[in-house]
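What follows is the residue order along each chain.
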Amino acid sequence: MSERQKPLVVITRKLPAPVELRMAELFDVRTNVDDRPMSHLDLVAAVREADVLVPTITDRIDRNIIEKAGEKLKLIANFGNGIDNIDISAAHERSIYVTNTPTVLNEDTADMTMALILAVPRRLVEGANLLQAPEPWAGWSPTWMLGRRIWGKKLGIVGMGRIGTAVARRAKAFGLEIHYHNRRRVNLQTEKELGATYWESLDQMLARADIISVNCPSTPATFHLLSARRLALIQPNAFIVNTARGDVIDEKALVDLIEAGKLAGAGLDVFETMPSSNRKLMKLAASGKVVLLPHMGSSTLEGRIDMGEKVIINVRTLMDGHRPPDRILPDRT
């Protein structure tokens, strides 16, 4: 692209108004007014003519689409932290940069994780729904709506990255013991601050935790990391919370264990097949065994605007002839 010409930026979903307005000031922008997920053909048409594509998690930018990209496409600036919806290797082979929006959603996702850690054992959604039921509330009694205390319980965090660490800080304030499993041990200063115990063996941590929080990314190595075998190791009175990616947990095995009374329950903001969800999970939610949310972990206005700013910085950096700061390289491990 020439120095004077604004790059054509195609945005696949409707973004908050302040983000779209700022992008329109800086770039030649094509927005998605209807906010409907673009079809495969729409995405192919977009990559053929765009200088920059701004997709979201709902867009599958696979090798087939990337191989049809035009010579102008230089950047896929993902509006989101996760990049499992993009074939990074295929983009790299075509010398197309891929970026994401890291760090800006840590606190929002940690807030939602903590909300689920409270909601599931204390039966918050079940209690709220009861007051909206056709039958009137019969009133308080000593044995009614008993949940489980979280103070003093062991929280096992699967994935102690930025979000996992933010969850740990919140959980410590609620009196939970912090345990974690990670590819690498965190620094000793962070462990000391959180009073955290590192488990090299995920199996051993799962067998001892009262509440398990999944906060690791979706990669080939983490697909069904919590497999049927590992889920069977968990105590029957334990709870699982997942605000990361649905495919980290073997969802069928999770449902089977909860139905059999071998797990106390779960709080899930993500599912293996989104936007659809497992019918058995919906039945468990109706019975109060699980709390289900429609992928709301990062849904704050502040967070979305911060994500937009990240996208803008990456695009402008490329326009200035430099490598975008949030570029993602293929995983060679």
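Structure shown above.
Parameters at a glance
- Residues numbered from 1 in each chain as written.
- Predicted model: local features only at pLDDT ≥ 70, side-chain atom pairs only at ≥ 80, totals over all residues.
- Heavy atoms only, no water.
- Helix = DSSP H or I, 4+ residues; strand = E, 2+ residues; numbered from the N terminus.
- Rg over C-alpha atoms; globule rule 2.2 N^0.38 Å.
- Buried < 20%, exposed > 50% of the residue type's maximum accessible area, 1.4 Å probe, protein only.
- Contact = heavy atoms within 4.5 Å.
- Lys, Arg positive; Asp, Glu negative; His and termini not counted.
- Charge placed at Lys NZ, Arg CZ, Asp CG, Glu CD.
- Pairing = 2+ DSSP bridges.
- Axes fitted to C-alpha atoms, helices over the stretch in contact; angles between N-to-C directions.
- Parallel < 35°, antiparallel > 145°, perpendicular 65-115°, else oblique.
- Left-handed = near helix turned anticlockwise from the far one by under 90°.
- Nonpolar A, V, L, I, M, F, W, Y, C, P; charged D, E, K, R; others polar.

> Mind showing me how you'd approach the overall build of the protein chain here?
Helix and strand counts for the protein chain come out as 13 helices and 12 strands. Taking 2.2 N^0.38 as the reference for a compact globule, 333 residues should give roughly 20 Å; the C-alpha atoms of the protein chain span a radius of gyration of 22 Å, in line with that estimate. Overall, the protein chain is about 75 × 50 × 30 Å in size when its C-alpha atoms are taken along their principal axes. In the protein chain, which comprises 333 residues, the share counted as buried stands at 47%. Taking all contacts inside the protein chain whose residues are at least 6 apart in sequence as the whole, residues at least 24 apart take part in 61%. Distance from the positive charge centre (44 side chains) to the negative charge centre (40 side chains) of the protein chain: 4 Å.

> What exactly am I supposed to notice about the sheet that holds strand S7 (residues 177-181) here?
Within a sheet, each strand pairs with its neighbour through backbone hydrogen bonds, oriented either parallel or antiparallel. The 7 strands are arranged S8-S7-S6-S9-S10-S11-S12 in an open sheet whose pairing can be described as parallel. Both edges of this open sheet fall to strand S8 (197-198) and strand S12 (290-292), since each of them pairs with a single strand only. In terms of strand pairing, strand S11 (residues 265-268) meets S12 through 3 bridges, oriented parallel. Residue pairing across strands places Gly-267 opposite Val-291, the latter belonging to S12. Most of the contacts of helix H7 (residues 162-173) go to strand S6 (residues 154-158), to which it runs at about 170 degrees, and overall it touches S6, S7 and strand S9 (211-214). Against the sheet, helix H11 (residues 251-259) contacts strand S10 (239-242), S11 and S12, and its axis sits at roughly 140 degrees relative to S11.

> What exactly am I supposed to notice about the environment of Glu-93 here?
Along the chain, the position of Glu-93 falls in helix H4 (residues 88-93). Residue Glu-93 is classed as exposed on the basis of its relative accessible area of 55%. Between the alpha carbons of Glu-93 and Asp-326 there is a distance of 18 Å; along the sequence they are 233 residues apart.

> Hey, could you run me through the packing of helix H5 (residues 106-122) against H7 in this one?
The relative placement of two packed helices is expressed as an angle between their axes plus a distance between the axes. It is at 8 Å that the axes of H5 and H7 come closest, and there the two elements cross at 50 degrees. When the axes of H5 and H7 are compared, the pair comes out oblique. When you trace H5 past H7, the crossing you get is right-handed. In contact with Asn-106, Glu-107, Thr-109, Ala-110, Asp-111, Thr-113, Met-114 and Ile-117 of H5, H7 contributes Arg-162, Ile-163, Ala-166, Val-167, Arg-170 and Ala-171. Of the residues contributing to the contact of H5 with H7, the split by class is 7 nonpolar, 3 polar and 4 charged.

Honestly, it's all geometry; don't read function into it.
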